[in-house]
Amino acid sequence: MGDFRKSGFKSEKEGPTSLADPAMLDKIDKLFACNVGDYIDLPQIVVVGDQSSGKSSVLEGLTDLPFPRDSGLCTRFATQITFRRSATRRIAVSIVPARDSSVDHAELLRSWAKDMEILDQKAFTEIMHEANTQVHTVMGISNEPSQSKPFSNDVLCLEVCGPEQEHLSVIDVPGIFKRTTQGVTSKADMQMVKSMVQSYMENPRSVILAVIPANVDIATQEILEMAEEVDPEGQRTLGVLTKPDLVDKGAERAVLDLTEGRKHQLALGWHLVRNPGQQESSDPKTDRHALERVFFALPPYNNQDKDKVGIPALKIRLQEVLATHTRREFPKVKSELNRRLKTCRSSLANLGANRETPADQSKYLIDVATRFQEVASLALDAKYWGNGIFDQHSNLKLATLMVNRSEAFSKMVEKMGHTYQFEAGIKSLPEPLVWPPLESPFDQETGGHPKLFPTRLNDNHEDIEDILCDNEALGLPESQGILAWLTEVYRASRGFELGTFDPSLLAITMKEQSKKWDSIALGYISDVATMVHNFVTQLLQLICPDERIRNGLTSLLIDSLLERYKKAVAQVEFILQVERSEKPATQNHYFNDTLEKCRQKRMQQVMSEKSFQDCSHGTVVRLQDIMSHHPMSNIEHTVQDLHDILKSYYQVAWKRVVDVVCMQAAEHHLISGPTTPLKLFSPAFVGIMTPEQLEEVAGEDPRQKRTRKQLLKEMEDLEKGKKILT
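Cut-offs applied
Residues numbered from 1 in each chain as written. Predicted model: local features only at pLDDT ≥ 70, side-chain atom pairs only at ≥ 80, totals over all residues. Heavy atoms only, no water. Helix = DSSP H or I, 4+ residues; strand = E, 2+ residues; numbered from the N terminus. Buried < 20%, exposed > 50% of the residue type's maximum accessible area, 1.4 Å probe, protein only. Contact = heavy atoms within 4.5 Å. Areas by Shrake-Rupley, 256 points an atom, 1.4 Å probe, with all protein chains shown as cover. Phe/Tyr/Trp six-rings, centres within 6.5 Å; stacked < 30°, edge-to-face > 60°. Lys NZ or Arg CZ within 6 Å of the ring centre and 35° of its normal. Pairing = 2+ DSSP bridges. Axes fitted to C-alpha atoms, helices over the stretch in contact; angles between N-to-C directions. Patch = residues over 30% accessible without salt bridge, like charges linked within 9 Å, V, L, I, M, F, W, Y side chains within 5 Å. Salt bridge = Lys/Arg side-chain N within 4 Å of Asp/Glu carboxyl O. Lys, Arg positive; Asp, Glu negative; His and termini not counted. Charge placed at Lys NZ, Arg CZ, Asp CG, Glu CD. Arc of directions from axis to C-beta. pLDDT = per-residue confidence, 0-100. Core = buried A, V, L, I, M, F, W, Y, C linked by side-chain atoms within 4.5 Å. Parallel < 35°, antiparallel > 145°, perpendicular 65-115°, else oblique. Left-handed = near helix turned anticlockwise from the far one by under 90°. Nonpolar A, V, L, I, M, F, W, Y, C, P; charged D, E, K, R; others polar.

As a further point, take the overall build of the protein. In terms of regular secondary structure, the protein is built from 24 helices and 13 strands. Buried residues in the protein amount to 48% of all 726 residues. For the protein, the share of sequence-separated contacts (at least 6 apart) that also reach a separation of at least 24 residues comes to 77%. As displayed, the protein offers around 36700 Å² of accessible surface, 50% of which is attributable to carbon and sulfur atoms.

Written out as structure tokens, the structure reads:
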């Protein structure tokens, strides 16, 4: 075989139109060229066979390319051979990287390409077989297993164009072999080739051209077994029987049973070809087509359907099969490409913006921080209609949670915060609390009300539990005994005062009467801190789904968050210290008003016992009854006065404590102040992060970088494919 400039695949049929749709077939070839076949199955003809099946001779006959043949291995990689009609003659050679190629290897392969004017046997043999050629070098193929690999998953592409060419595209894969060659191949190489062949055959849109020697029992042919595994119904397998000239005399009937459909039926049928022998191939004067015509003109093959024998008929059959198969699968390819592209875009979107440089990382985190602050602002303003996130996550309604907890705090201090019920106060137990009580013994005398109540209404978050107070079970106020207690305190601390008591006695009794404030107030601020931290962590989880970035942000924020929570707790401790340990004081006129009302009520209770109804003046008391002597000891008088003063001051103090704790500790330090935890993660915070911090928090890990590169490459290839199909 000589100069390839005057040879190639030419249709044996004359006529103005081709059997195939060149435009459609050309699109499929272009999809292969831009690697779309790595992501979706494309229609193709795959030529498979054992190492000694005569596959190379069949390909040579089909393509007029001088495929190398020797006693050793021939092809070390898959080869896609495409013929297409064009106004100018051109032979282009390129390499398509394997799907699992590294980025550097893929770029090296794509950069290698060449155009050839002549593709004679010497040049083609160098490309396909000889070691140390450019193709073998860039693919990394070597005959020395210790140095490199003997086979490659990369694909060599040969594109032959010319005015006389008819469109055909076939993929030749290395022949499977059952014996290794010492120093050249190993059992691992044997398995690799088999897996490579299997992967091409498994493509549900591939037509399998199974090349099998006619002079062997087909039941022993591994390639046919592999075809049956992937195509059990034989709908896409075309069998090619070679070497009929080597079939023993009298055994031809087994061959005819296959071609005539009596045994091992295939939907695409069986085809017979007669390849030149070794000696005939070495003679440049050999005309393989003439050899076939003579051979198939003799019995027992002379009565065979002419469409089922010979290379020229096989060329036409392949063109028909490829055209029909492509026409049937083409709409499916378009649909699957669009679906794959949509999935690829979605996967890439889930990775977020590219975060390779510090600028990219900062931009990404600023976007996350901006969205965080937008939602936080809506949550604090109770504008829950502004974002659908609140409909799905009610625990992000921070303003509502805060108001409810503050109200519960106020009621808890009012109803449960004192040690003793005041004498003129509520005689019965307070109304049931709105928060769930701790499990505790029940006091049967109180009608089933629990004897204990909890100071915490929320469970701690594990991130901040070390700085918050524990949940405590506190007892209800003593319903009786306040005067006895005050009498005991007075007796234990009185001096030489007459008709009054030492001012320090008010501080002593106030500290005891308000001793539950510490636990209640610290429980309240701990709950608020927990609600805020739950808000921060859950909102971060929702707006930053990348766990690695979220964990990095949390690690970076947690120290500053803890400091702000500690400040709120410290503020509560400071308020309690002032209220309970310092000398009682108030400028609130409500103290005097309450004290006067207490005294008036006490006098009213005494006078009401001596009152009577007068028709003209209503309820009246005689003047002498008012002036009558009411004997009372100095201690009783002082204790009653102490009780009234303590009660009046307590009424002022508990309301003041509740307001100050809510406003200064909770609102200012945790909710709406300038340095609350909610305002920590902001664009300004991201702006002062160092490059090292940006990389640690927002930098992509190696696996994610690889995934992004793969998705970008896939999307680029699929976008090219989409343009080809439009």
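For T82, the position within the fold is in strand β2 (residues 78–85). With near-sequence residues (within four places) excluded, T82 lies in contact with D29, L158, E159, V160, H167, L168 and S169.

Let us now look at the packing of aromatic side chains. Across all of its chains, the model carries nine aromatic pairs by this definition. Linked through ring pairs, F295, F296 and Y301 together constitute an aromatic cluster. Here the guanidinium or amino end of R355 rests over the ring plane of Y364, the centre of that ring lying 4.8 Å away.

Okay, the sheet that holds strand β9 (residues 270–272) next. The strand order β4-β3-β5-β2-β6-β1-β7-β8-β9 describes an open sheet built from nine strands, whose pairing is mixed. Edge positions in the sheet fall to β4 (113–116) and β9, since each has one partner strand and no second. Strand after strand, the sheet turns through a mean of 20° between neighbouring axes, direction not considered. The pairing of β2 with strand β5 (residues 155–162) spans eight bridges and is parallel. Looking at β5, one finds that R85 is bridged to G162. Relative to the sheet, helix α6 (residues 187–202) contacts β1 (44–49), β2, β5, β6 (168–172) and β7 (206–213), its axis offset from that of β1 by approximately 145°. Packed on one face of the sheet, helix α7 (residues 222–230) meets β1, β7, β8 (237–242) and β9 and runs near 155° to β7.

Let us now look at a negative patch on the surface. A surface patch of like charges, here negative, comprises E202, E225, E228 and E229. When residues in the negative patch are grouped by element, the largest group, three residues, is from α7. Note on placement: E225 falls in helix α7. You can call E225 partly exposed: its relative accessible area is 39%.

To continue, consider unusual backbone geometry. Look at the link from P299 to P300: it is a cis peptide, with omega at 5°. With respect to the element layout, P300 can be found in the loop between α10 (288–296) and α11 (311–350). Look at N35: it is not a glycine, yet its phi comes out positive at around 70°. Relative to the helices and strands, N35 resides in the loop between α1 (22–33) and β1.

Taken as a whole, helix α3 (residues 103–111) has its buried residues at H105, A106 and L109. Summarising the axial view, the buried residues of α3 lie within an arc of 100°, below the 170-degree limit, and thus occupy one face. Seen from the open side of α3, the exposed residues pointing more than 90 degrees away from its buried face are D104, E107 and S111.

Turning next to the confidence of the model for the protein. On average, residues of the protein carry a pLDDT of 81, and 82% of them reach 70 or more. Mean pLDDT across the secondary structure elements of the protein bottoms out at helix α20 (residues 623–626), with 60, and peaks at helix α17 (residues 517–543), with 95. Under a pLDDT of 50 for its full length, residues 1–19 has, in the predicted model, 52 contacts with residues more than four places off or in other chains. Segment residues 425–449 is flagged for pLDDT under 50; beyond a separation of four residues in sequence, or across chains, it makes 39 contacts in the model.

Moving on, we get to the nonpolar core. Counting 90 residues, the largest nonpolar core has L365, F409, W517, I525, V528, L670 and F681 as the members making the most contacts within it. The element contributing the most residues to this core is helix α21 (residues 634–672), with 17 residues. In this structure, L365 is in contact with I549, L553, F681, V686, M689, L694, V697 and A698, ignoring residues within four places of it in sequence. Ranked by size, the runner-up nonpolar core spans 58 residues in total, among them I28, M201, W270 and F295.

On to the pattern of salt bridges, then. If you walk through the whole model with that rule in mind, you get 28 salt bridges. Here E336 ties to R205 by a salt bridge, and the two come within 2.9 Å at their closest N and O atoms. Of this pair, E336 sits in helix α11 while R205 sits in the loop between α6 and β7, and the two are 131 residues apart along the sequence. For R205, a relative accessible area of 8% corresponds to the buried category. With a shortest N-O distance of 2.5 Å, E719 and R345 are connected by a salt bridge. In this pair, E719 sits in helix α24 (residues 702–725) while R345 sits in helix α11, placing the two residues 374 residues apart along the sequence. For R345, a relative accessible area of 37% translates into the label partly exposed. A single salt-bridge network, built from bridges that share partners, covers R205, R328, E329, K332 and E336.

For any two helices packed against each other, the geometry is given by the interaxial angle and the distance between the axes. α17 packs onto helix α12 (residues 358–380) with a crossing angle of 130° between their chain directions and a minimal axis gap of 10 Å. Taken together, the axes of α12 and α17 lie oblique to each other. Between α12 and α17 lies a crossing of right-handed hand. Every residue of α17 that contacts α12 at V368, R371, F372, V375, A376 and A379 is listed here: F535, V536, L539, L540 and I543. Here the residues of the contact of α12 with α17 sort into 10 nonpolar, no polar and one charged.

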